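Spelled out, the chains give:
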Amino acid sequence: MASKSKKAAAPYAGPKKKINFALQGGGAHGAFGWGVMDKFLEDGRVEIEGISGTSAGSMNAVVYAYGKLKGDEGAREALHNFWKAISDAGQRFAPPKMPWDTGGHQKENPMSGIMKSLMSGFSPYQLNPMNYNPLREVLEKQVDFEALERSQLTKLFICATNVRSGKVRIFHTPEVTAKVVLASACLPQVFQAVEIDGEHYWDGGYMGNPVLYPLFYYTETRDVVILHINPIERPGPPTTSADINNRLNEITFNSSLIKEMRSIYFVQKLLDDGWIKDEHRDKLKYVLIHSVRADNAMSDLSSASKMSSDWKFLTMLRDRGRALATEWLAHNFEHLGVRSTVDLKKEFL
């Protein structure tokens with residue numbers, strides 16, 4: 001594992017705290033989530049009961065759950081191998097680099113602008129009539145979905161948006177296939193809608209990035225750790241066209257999550273203030289919310305970089321995720337199972 005991430009000094013052998021993970025999507029920025037999960041696995045003090053994932057978050061969730069069949073190190077290795085395969089596949093289809101392209105990801109690449117212009121004028125049904133998606137090949141090579149469907153180790157909740165109804169669809173572990181994961185990550189400007197059982201689906205981020213409620217209803221643990229990929233806050237208003245579009249993208253893909261956080265606060269207030277009769281209190285779960293937020297760690301990156309498959313860039317994101325997870329665990333591990341570490345009223349109302 002030395003080429004992937006540093007080993008822990010010694011495996012943790014003490015009692016573990018159970019958590020649920022909620023993993024946001026964000027294209028290549030999902031490699032940041034890989035880093036966070038890698039550090040949690042290396043630390044060894046938590047056990048993940050359920051994972052709700054959207055888009056790149058659903059990929060991390062599925063790859064983790066499959067790798068977990070071989071233990072924590074198996075999950076770490078599976079995540080590393082998946083992202084390396086993403087990078088290798090992406091290099092075959094990446095736009096050519098221009099002489100002025102120094103490999104930075106803070107600003108829009110001129111080639112990205114050309115691609116956006118094409119996608120604004122033509123649909124994926126025109127640009128990609130054969131509906132080729134390299135992610136399918138990567139997923140099917142990296143994950144044995146038949147083995148995953150039988151797994152009892154991790155409860156998966158994969159989110160996609162039903163194109164016809166506009167409602168969210170949650171796929172549970174026995175339902176998860178490569179097609180389900182592709183549906184969760186189907187950006188309609190890039191890929192044709194994914195058909196499953198006669199219904200068509202787009203990226204789950206439009207209705208839940210990620211969806212939290214399955215973690216309340218279908219798991220036992222109260223602790224939900226939300227892994228934010230899209231910054232919630234940024235200083236100052238954006239002034240360039242690229243920065244405005246970037247901020248709109250972030251706000252759009254955070255909106256459904258913020259609404260769920262407000263609902264959680266409302267239920268907490270009902271319970272805290274004694275507004276629920278005693279005979280009904282045990283029907284509501286008092287959820288403890290925790291956030292690993294990438295506001296600072298990801299604020300220097302443009303939305304265009306979400307399409308990058310450069311291995312150096314992906315491992316840089318992994319390392320940022322590991323660093324933030326290390327800091328988060330140092331400050332918040334003791335509070336797991338005890339109290340929320342997010343002030344919902346202050347942050348989301």
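What counts, and at which threshold
- Residues numbered from 1 in each chain as written.
- Predicted model: local features only at pLDDT ≥ 70, side-chain atom pairs only at ≥ 80, totals over all residues.
- Heavy atoms only, no water.
- Axes fitted to C-alpha atoms, helices over the stretch in contact; angles between N-to-C directions.
- Helix = DSSP H or I, 4+ residues; strand = E, 2+ residues; numbered from the N terminus.
- Parallel < 35°, antiparallel > 145°, perpendicular 65-115°, else oblique.
- Left-handed = near helix turned anticlockwise from the far one by under 90°.
- Nonpolar A, V, L, I, M, F, W, Y, C, P; charged D, E, K, R; others polar.
- pLDDT = per-residue confidence, 0-100.
- Contact = heavy atoms within 4.5 Å.
- Core = buried A, V, L, I, M, F, W, Y, C linked by side-chain atoms within 4.5 Å.
- Buried < 20%, exposed > 50% of the residue type's maximum accessible area, 1.4 Å probe, protein only.
- Expected span 1.5 Å × (residues − 1).
- Phe/Tyr/Trp six-rings, centres within 6.5 Å; stacked < 30°, edge-to-face > 60°.
- Lys NZ or Arg CZ within 6 Å of the ring centre and 35° of its normal.

Enquirer: Would you mind showing me how to read the packing of helix H1 (residues 30–43) against helix H12 (residues 311–332) here?
Expert: Interaxial distance between H1 and H12 falls to 6 Å at its minimum, and their mutual angle equals 45°. Here H1 is positioned oblique relative to H12, judged by the angle of their axes. Between H1 and H12 lies a crossing of right-handed hand. A per-class count over the contact of H1 with H12 returns twelve nonpolar, four polar and seven charged.

Enquirer: Just checking my understanding: could you explain the confidence of the model for the chain for this structure?
Expert: Keep in mind that low pLDDT regions are not for reading the predicted coordinates in detail. When pLDDT is averaged along the chain, the result is 89; 89% of the residues meet or exceed 70. Overall, residues 1–6 carries pLDDT values under 50, and its contacts beyond four positions in sequence, including any with other chains, amount to 16 contacts. The model gives residues 98–104 a pLDDT under 50, and that stretch makes three contacts with residues more than four places away or in other chains.

Enquirer: Teacher, can you tell me more about the nonpolar core here?
Expert: Most often, soluble globular proteins have nonpolar side chains that are buried together. Membership of the largest hydrophobic core comes to 67 residues, with the highest contact counts inside it found for Phe21, Phe32, Phe40, Ile51, Val62 and Phe145. If one sorts the elements of this core by residue count, helix H3 (residues 72–93) sits on top with eight residues. Sequence-distant contacts of valine 62, that is, excluding residues within four places in its chain, are made with Val143, Phe145, Leu148, Leu156, Ile158, Val176 and Val181. Within the second largest apolar cluster, 20 residues are counted, among which are Ile170, Ile232, Met261 and Leu344.

Enquirer: Even after reading the chapter, I still don't get H1, so can you show me in this structure?
Expert: Think of an α-helix as 3.6 residues a turn; residues three or four steps apart then line up on the same face. Taking 1.5 Å per residue, 14 residues should reach 20 Å; H1 reaches 20 Å between its end C-alpha atoms and fits that length. Backbone geometry just downstream of H1 places glycine 44 in the positive-phi region, at approximately 80°.

Enquirer: Would you mind going over the packing of aromatic side chains with me for this structure?
Expert: Aromatic rings in a pair are described by how distant their centres are and how their planes are angled relative to each other. According to the stated counting rule, one finds ten aromatic pairs in the structure shown. Relative to tyrosine 218, the ring of phenylalanine 157 lies with its centre 6.0 Å away and its plane at 25°, an arrangement referred to as stacked. Residue phenylalanine 157 is located in strand E3 (residues 155–162), and its partner tyrosine 218 is located in the loop between helix H9 (213–217) and strand E7 (223–227); the two are separated by 61 residues in the primary sequence. Consider the rings of tyrosine 213 and tyrosine 217, whose centres lie 6.2 Å apart with planes at 55°: the pair is tilted. With tyrosine 213 and tyrosine 217 both in helix H9, this residue pair falls four residues apart, about one helical turn. Given the relative accessible area of 30%, tyrosine 213 is considered partly exposed. A relative accessible area of 62% places tyrosine 217 in the exposed class. In textbook terms, an aromatic cluster arises when at least three aromatic residues are bridged by ring pairs, as seen for Trp34, Phe82, Trp83 and Trp311. Here the basic side chain of arginine 45 rests over the ring of phenylalanine 333, its NZ or CZ set 4.0 Å away from the ring centre. Positioned over the ring face of tryptophan 311 is lysine 84, at 5.6 Å from the centre of the ring.

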